[in-house]
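Chain by chain, the residues run as shown.
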Amino acid sequence: MDPVVIPILVAAIVVVFLVASTVRIVPQARRYNIERFGRYRRTLQPGLNLVLPVADRINTKLDVREQVYSSDPRPVITEDNLVVNIDTVLYYQITDPRAAAYEVADYLQAIDQLTVTTLRNVIGSMDLEETLTSREEINSRLRAVLDDATGKWGIRVNRVEIKAIDPPHTIKEAMEKQMRAERDKRAAILHAEGERQAKILTAEGTKQKDILEAQGTQQAMILRADGEAKAVELVFQAVHRNNADPKILAYKYLETLPHLASSDNNTFWVIPGELTEAVRTVTSAFGDQSAAGPSQPAQPEEAATADADETSDEGRTPALEAGSAVSLDAATAADEAVKQADAAVSDAKAEAAAAKSPQVPRRGRTSGD
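K.L.:
Help me understand the pattern of salt bridges, please; the structure alone is not making it clear to me.
P.N.:
Any two side chains of opposite charge can pair, given that their charged atoms come close. Summed over the entire model, instances satisfying the criterion amount to ten salt bridges. Two residues, Asp-56 and Arg-36, come together in a salt bridge whose shortest N-O distance is 2.6 Å. Pair noted here: Asp-56 is in strand S5 (residues 56–63) and Arg-36 is in strand S2 (residues 30–36), with a separation of 20 residues, a long-range link. Of the residues examined, Asp-56 reaches a relative accessible area of 7% and is grouped as buried. Overall, the relative accessible area of 25% leaves Arg-36 in the partly exposed class. The residue Arg-141 makes a salt bridge to Glu-137 at a minimum N-O spacing of 3.9 Å.

K.L.:
For this particular structure, what's the right way to read the sheet that holds S2?
P.N.:
To summarise the sheet geometry, strands pair through backbone hydrogen bonds and adopt either a parallel or an antiparallel arrangement. Strand order in the open sheet made by the three strands is S3-S2-S5, with antiparallel pairing throughout. Both edges of this open sheet fall to strand S3 (39–44) and S5, since each of them pairs with a single strand only. Here the average twist between neighbouring strands, direction ignored, is 25°.

K.L.:
Sorry if this is basic, but what is going on with the side chain of Thr-150 here?
P.N.:
With respect to the helices and strands, Thr-150 occurs in helix H5 (residues 135–150). There is a polar contact of 2.6 Å between the side chain of Thr-150 and the backbone oxygen of Leu-146. Apart from residues no more than four positions distant in its own chain, Thr-150 is found in contact with Ile-111, Ile-155 and Val-157.

K.L.:
So what exactly am I meant to see when it comes to the packing of aromatic side chains here?
P.N.:
The description of an aromatic ring pair rests on the distance of the ring centres and on the angle between the ring planes. Scanning the entire structure with this criterion turns up two aromatic pairs. Taking the centre distance of 5.5 Å and the plane angle of 65° together, the rings of Tyr-40 and Tyr-102 count as edge-to-face. Remark: Tyr-102 occurs in helix H2 (residues 97–102) and Tyr-40 occurs in strand S3; sequence separation between them is 62 residues. Using a relative accessible area of 29% as the deciding quantity, one classes Tyr-40 as partly exposed. Between Tyr-92 and Tyr-107, the aromatic rings sit 6.1 Å apart at their centres with planes inclined by 65°, giving edge-to-face as the arrangement. Of this pair, Tyr-92 sits in strand S8 (residues 83–94) while Tyr-107 sits in helix H3 (residues 107–123), placing them 15 residues apart in sequence. According to the relative accessible area criterion, Tyr-107 is buried, its value standing at 17%. If you follow Lys-61 out to its NZ or CZ, it ends over the ring of Tyr-32, 5.0 Å from the centre.

Definitions and cut-offs
Residues numbered from 1 in each chain as written. Predicted model: local features only at pLDDT ≥ 70, side-chain atom pairs only at ≥ 80, totals over all residues. Heavy atoms only, no water. Salt bridge = Lys/Arg side-chain N within 4 Å of Asp/Glu carboxyl O. Helix = DSSP H or I, 4+ residues; strand = E, 2+ residues; numbered from the N terminus. Buried < 20%, exposed > 50% of the residue type's maximum accessible area, 1.4 Å probe, protein only. Pairing = 2+ DSSP bridges. Axes fitted to C-alpha atoms, helices over the stretch in contact; angles between N-to-C directions. Polar contact = N/O pair within 3.5 Å; in protein donor to acceptor, adjacent residues only side chain to side chain. Contact = heavy atoms within 4.5 Å. Phe/Tyr/Trp six-rings, centres within 6.5 Å; stacked < 30°, edge-to-face > 60°. Lys NZ or Arg CZ within 6 Å of the ring centre and 35° of its normal.

And the structure:
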């Protein structure tokens, strides 16, 4: 080989090396700290950068994107002397690459230890129940302390979250029992409220039902009374319009008497005191009104009842015959009419008693007895 070529190749290699050492390409979201002869010179930004070969060298390469750091569970003592294990999640971002490289030796370890000490200070002023229910407050206090302390390190703490709080096993069992008791209590209260509401609704329904039934009964009675009143009014008007004879009215009055005991549900009935007057009216209609002397008083009711027992077993109601009434005088006809009416009532009473107790044979006396 020609001796001239070797020096040329060596010179070319040195030039290429120097050029390669001069050019530095920094990726996006990265920062390179440059030292010249061991002293910080500058921070390279993303893109193409030129440095002095041999004199400048890259000390640290930092990522300025937001980072996530999850710490291991650490024991913390609460105010009521219970030990709980708490692990946190930290979201941070490097804002000053020079400070992050030269102000602190290991910023991750520094942040972790600061988090533990701050967490113990915060949790130490709270009891267990408050610790479990005050996560937002704990997160805010941790973030405020860490952000203030890491600012001089060129790091900004964006968010601190408590990932888990693990109390001791015995405390967990006690908490589960308490929660179970609370759930049972709420279930019992809800069940009692449901039963109470159901009873109230049932009572309201019964009340409405009774009110509606009472109103219906009231309306029915009013309508029935109105109908009866109108019927009586129509009968009254018809009687007065036709100018009915009192004799006819008295005879109809006597015809109605046998129907007083016709119902099986009647156990007693009342004979009006005007019966003798009605009988006298009838007899005066069919008897001899020209007979002299005042009419004799009617027989007592005891005699009429005794005569009623002498009726026949056939239960027929004796009828008033016009021929016999004409042949008697007025007083005898009146007495006969009273007897016949009492006999009809007694027969009706006997038939009603027989209908109530059919197993007892009814023995009647003949007229000859």
